[in-house]
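Geometric and topological summary
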Amino acid sequence: MGAGESLQHEVEQFLYHEARLLDRRQFNEWYDLFAEDSRYFVPSMSADSDPTADAYIVHENRKGIQYRVSRLQHGSAHTQIPPARTAHMITNVIVEELGDGEVQTSAGYVVFWSRGAVEARYAGLCEHHLRRANGGWEIVEKKVSLLNNDQPTDRLPLL
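Read on for a plain summary of the structure. (Residues numbered from 1 in each chain as written. Predicted model: local features only at pLDDT ≥ 70, side-chain atom pairs only at ≥ 80, totals over all residues. Heavy atoms only, no water.)

Attention shifts here to the overall build of the protein. In terms of regular secondary structure, the protein is built from three helices and six strands. Scanning the protein from its N terminus toward the C terminus, one meets helices and strands in the order α-α-β-β-α-β-β-β-β. Counting the 159 residues in the protein, one finds 43% classified as buried. (Helix = DSSP H or I, 4+ residues; strand = E, 2+ residues; numbered from the N terminus. Buried < 20%, exposed > 50% of the residue type's maximum accessible area, 1.4 Å probe, protein only.)

Given below as structure tokens:
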């Protein structure tokens, strides 16, 4: 069952806020959106693969996300010289109420990435499991299923 109009709008605004933080390279603020028990993953080969048994492009808990953010902000991170620029596009957001202040979202997702003369595009489906916390939302789980997740990649932005 879908969400009411007010909840739909509220959740969409949260997803747009998350995208804006990534595009502005506000990685600490992005990290703060994640719950203590959260996980973030990008499957390879199949969107419905098991993260405990199959290979993943990214599969991290909150500590792993913190480590990723630290690496991105390190002054000598060669993958960030010059800093990458991104534009996250979110569309067709569907919100499903799960009860107990939790929702599941599904959205079309495109990320444009540019660093120096190199550009890339990543498209797919982004799913969030969100929980109400401190008057807002926190990310319990974020899953990004790329359309081309069966292809090798030599660069991957925060999705």
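Further remarks concern the pairing of strand β3 (residues 85-99). Bridge analysis of β3 against strand β4 (residues 102-115) gives 12 bridges, and the strand direction is antiparallel. When the sheet's bridge partners are listed, Glu 97 is paired in β4 with Val 103. Following β3, the chain reverses through two residues before pairing antiparallel with β4; Asp 100 in that reversal takes a positive phi of roughly 55°. (Pairing = 2+ DSSP bridges.)

Another point: the nonpolar core. Ranked by internal contacts, the top residues of the largest apolar core, which has 35 residues, are Val 11, Trp 30 and Tyr 40. For this core, the secondary structure elements donating two or more residues are α1 (5-23), α2 (27-31), β1 (34-43), α3 (62-73), β3, β4, β5 (118-133) and β6 (136-146). Ranked by residues supplied to this core, first place goes to α1 with seven residues. (Core = buried A, V, L, I, M, F, W, Y, C linked by side-chain atoms within 4.5 Å.)

We now examine unusual backbone geometry. The backbone of Asp 100 shows a phi angle near 55°, a positive value even though the residue is not glycine. The topology assignment puts Asp 100 in the loop between β3 and β4. Under the relative-accessibility criterion, Asp 100 is labelled exposed at 82%. Even without being a glycine, Asn 134 presents a positive backbone phi close to 50°.

Any two side chains of opposite charge can pair, on the condition that their charged atoms come close. In this structure the tally under the stated criterion is eight salt bridges. Arg 62 is paired through a salt bridge with Glu 36; the nearest N and O atoms lie 3.0 Å apart. Here the residue Arg 62 occupies a position in helix α3, and Glu 36 occupies one in strand β1, the gap between them amounting to 26 residues. Accessibility expressed as a relative area gives 13% for Arg 62, which makes it buried. Glu 138 is the salt-bridge partner of Arg 131, the closest N and O atoms lying 2.8 Å from each other. When salt bridges with common partners are traced through the structure, they connect Asp 37, Glu 102, Arg 131 and Glu 138 into a single cluster. (Salt bridge = Lys/Arg side-chain N within 4 Å of Asp/Glu carboxyl O.)

Take the packing of aromatic side chains next. Scanning the entire structure with this criterion turns up three aromatic pairs. Ring centres of Trp 30 and Phe 34 lie 4.9 Å apart, and the angle between their planes is 80°; on these two criteria the pair is classed as edge-to-face. Of the residues examined, Trp 30 reaches a relative accessible area of 0% and is grouped as buried. Look at Phe 34 and you get buried, because its relative accessible area is 2%. The interplanar angle of 85° and the centroid separation of 5.8 Å between the aromatic rings of Trp 30 and Tyr 40 together place this pair among those described as edge-to-face. (Phe/Tyr/Trp six-rings, centres within 6.5 Å; stacked < 30°, edge-to-face > 60°.)

Shape is all these values report; function is a separate question.
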